[in-house]
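# Summary of structural features
Chain residues, written in single-letter form:
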Amino acid sequence: MTQKIIETVSDRFKKRFQTEPLLVRSPGRVNLIGEHTDYNEGFVLPAAVDRAIVFAVSPNNLDLIRILSVDMEEEIEVQNTHLKKNNPQWSHYLLGVIDQLNQQGLKVPGFDCVFGGNIPIGAGMSSSAAIEAGLAFSLNTLFEWDLAPLDLVKLSQKAENEFVGVQCGIMDQFTNIFAEPQKVVKLDCRSLEHEYYPFEFKGVCLVLYDTRVSHSLASSEYNRRRNQCEEGVRFLKQHHPHIRSLRDITSEMLNSSKTRMDPVLYKRCHYVVEENERLLSACRDLEIRDLESFGNKMYQTHYGLQKEYEVSCPELDFLVEYTRNQSGVLGSRMMGGGFGGCTINLIKQDELKELNEQISQAYSHEYKKKPGIYKVKIEKGTHVI
Ligand code: GLA
């Protein structure tokens, strides 16, 4: 599938700009467990997948940046000094990166870029980070700046925080750059230490069911959750002055403050504290290759996100509940920021076909539209093709 995109993007570039481009593949991601923990300095367990955005780039020796989106069928032309013009929404992820590079003192020379891909937009597979980190990586390679991988991650995240206005954590951009094939990466979002766990289980596959709901609430509620967590930390600090984030709170500490805490803040904090503990124990499951126990934890994560963190939606809940008593399903939960997008599922290969048919039928019956079904493979992070 990606091969076709590589050809399309590369042909389009050559036709439009009459030169050979540098080609870069920048993948989408899944997250097995550890949701809404990254901006609380906790742990996450993501991987990059075989859905990606392909970039074709080349310097143009002009005082001009030209970017063509194959999927949007739209081209923009901007001057580096005027990034904040009235440009379409899709271009903000790219212009934000250029803005960050400028802020680092690397005056970005004129370049041409064509990009396109097959990461479903709004599905929670982080097409935005793939665009940001993909462009940062491409320009770093093209202009030989020697920025370290972690610098690319951080500036891409900042592009999203400052230019796009979503206060996202570091998970998506980190995964995009650091992911390895057939492995999930356990990232400590405080120290940024990370370790890889093999994630290949014979007869079991990773499948995403897409609600095809993309809620406008996503970014405003996302920022709100983040603020609520910070408020929770401020409250808990009164009794535990040494804490810096929810990462420093244990279930016992939280429990002892329960009666004095605002109930909504308590719920939000309780979910995050449990999710961090759950992730560490899920990694132990991987060490002993106990997928059954790992899958159960995915369900627990879902219920936490649904009832305590309140970032799910009826369509996501429906898809997770549907899998509950299916013998072929080891685990299922909503994935990413929430309010729409996909569920992530661990499914036994020999029951997959039948389950896909059943779930598609049930969902169509309930919501009058078919869910997207994406079987994904774990691949490596952004690289030159
Ligand atoms: C979005 C953000 C990430 C992370 C997840 C929730 O994908 O970009 O930083 O917070 O939501 O886990």
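Note that the structure is predicted; figures quoted are calculated from it, not measured.

### Topic: the overall build of the protein
When helices and strands are tallied, the protein shows eleven helices and 14 strands. Against the 2.2 N^0.38 benchmark of 21 Å for 385 residues, the protein shows a C-alpha radius of gyration of 21 Å, consistent with a compact globule. Considering only intrachain contacts with a sequence separation of at least 6, the fraction spanning at least 24 residues in the protein is 72%. Counting only carbon and sulfur atoms, one obtains 48% of the accessible surface of the protein, whose full area is about 16,300 Å².

### Examining the site of the ligand
Taken together, R29, E35, H36, D38, Y39, C168, G169, M171, D172, Y222, G336 and G337 are the residues near the ligand. In the environment of the ligand, an oxygen atom lies 2.6 Å from a nitrogen or oxygen atom belonging to the side chain of E35. Contacts to the ligand include D172, whose side-chain N or O atom sits 2.7 Å from an oxygen atom. In isolation the ligand offers 310 Å² of accessible surface; the protein chains occlude 91% of this area. Taken together, the residues that form the shell around the ligand break down as four nonpolar, four polar and four charged. Each of domain 1 (2-200) and domain 2 (204-376) gives at least three residues to the shell around the ligand.

### Details of the packing of aromatic side chains
According to the stated counting rule, one finds 13 aromatic pairs in the structure shown. Measuring from centroid to centroid gives 5.6 Å for F318 and Y367, while their planes differ by 85 degrees, and the two rings are edge-to-face. Here F318 is found in helix α10 (residues 314-323), whereas its partner Y367 is found in helix α11 (residues 349-367), with 49 residues between them in sequence. When its relative accessible area of 22% is taken as the criterion, Y367 is described as partly exposed. Through a chain of ring-to-ring contacts, three or more aromatic side chains come together here, namely F318, Y322, Y363 and Y367. Over the aromatic face of Y299 sits the side chain of R324, whose NZ or CZ is 3.8 Å from the ring centroid.

### Comments concerning the sheet that holds strand β2 (residues 43-44)
Taken together, three strands build an open sheet; the order of strands is β2-β7-β8 and the sheet is antiparallel. For this open sheet the edge positions go to β2 and β8 (194-198), each flanked by a neighbour on one side alone. Relative to strand β7 (residues 183-188), β2 runs antiparallel, the two being bridged by two bridges. What sits directly across from V44, in β7, is L187.

### Some points on the nonpolar core
In this structure, V30, F199 and F294 are the most contacted members of the largest nonpolar core, which totals 106 residues. A per-element tally of this core places helix α8 (residues 263-287) first, with ten residues. Among the nonpolar cores identified, the runner-up in size contains 13 residues, and V207, Y209, I347 and I359 belong to it.

### Here's the deal with the domain arrangement of the protein
Partitioning the protein into structural domains gives domain 1 (2-200) and domain 2 (204-376). Each partner contributes residues to the interface: domain 1 has 37 residues there, and domain 2 has 48 residues. Interface of domain 1 and domain 2: buried area, both sides summed, is about 3,500 Å²; carbon and sulfur atoms make up 62% of it. Looking at the side of domain 1 facing domain 2, the largest losses of area belong to I33, E35 and H36, adding up to 19% of the total buried there.

### Let's talk about helix α2 (residues 89-103)
Over its 15 residues, α2 extends 21 Å from the first C-alpha to the last, a length consistent with the 21 Å expected when each residue adds 1.5 Å. Counting buried residues along α2, eleven of its 15 residues qualify, which places the element largely inside the surrounding structure. Among the residues of α2, W90, S91, Y93, L94, L95, G96, V97, I98, D99, Q100 and L101 are the ones counted as buried. Next to the buried residues of α2 lie β3 (46-59), β4 (65-69), β5 (74-78), β6 (111-117), α3 (127-142) and α4 (149-164). Just downstream of α2, G105 is the residue with a positive phi angle, here 85 degrees.

### Notes on the packing of α3 against α4
It is at 9 Å that the axes of α3 and α4 come closest, and there the two elements cross at 130 degrees. What the angle tells us is that α3 and α4 run oblique. Crossing handedness for the pair α3 and α4: right-handed. Taking contact as the criterion, the partners of S128, E132, A133, A136, F137 and N140 in α3 are, on α4, L152, L155, S156, E160 and V164. Here the contact of α3 with α4 is built from residues that sort into six nonpolar, three polar and two charged.

Parameters at a glance
Residues numbered from 1 in each chain as written. Predicted model: local features only at pLDDT ≥ 70, side-chain atom pairs only at ≥ 80, totals over all residues. Heavy atoms only, no water. Helix = DSSP H or I, 4+ residues; strand = E, 2+ residues; numbered from the N terminus. Rg over C-alpha atoms; globule rule 2.2 N^0.38 Å. Contact = heavy atoms within 4.5 Å. Areas by Shrake-Rupley, 256 points an atom, 1.4 Å probe, with all protein chains shown as cover. Near = heavy atom within 4 Å. Polar contact = N/O pair within 3.5 Å; in protein donor to acceptor, adjacent residues only side chain to side chain. Nonpolar A, V, L, I, M, F, W, Y, C, P; charged D, E, K, R; others polar. Domains from an automatic or database assignment. Phe/Tyr/Trp six-rings, centres within 6.5 Å; stacked < 30°, edge-to-face > 60°. Buried < 20%, exposed > 50% of the residue type's maximum accessible area, 1.4 Å probe, protein only. Lys NZ or Arg CZ within 6 Å of the ring centre and 35° of its normal. Pairing = 2+ DSSP bridges. Core = buried A, V, L, I, M, F, W, Y, C linked by side-chain atoms within 4.5 Å. Buried area = accessible area lost by both parts, 1.4 Å probe. Expected span 1.5 Å × (residues − 1). Axes fitted to C-alpha atoms, helices over the stretch in contact; angles between N-to-C directions. Parallel < 35°, antiparallel > 145°, perpendicular 65-115°, else oblique. Left-handed = near helix turned anticlockwise from the far one by under 90°.

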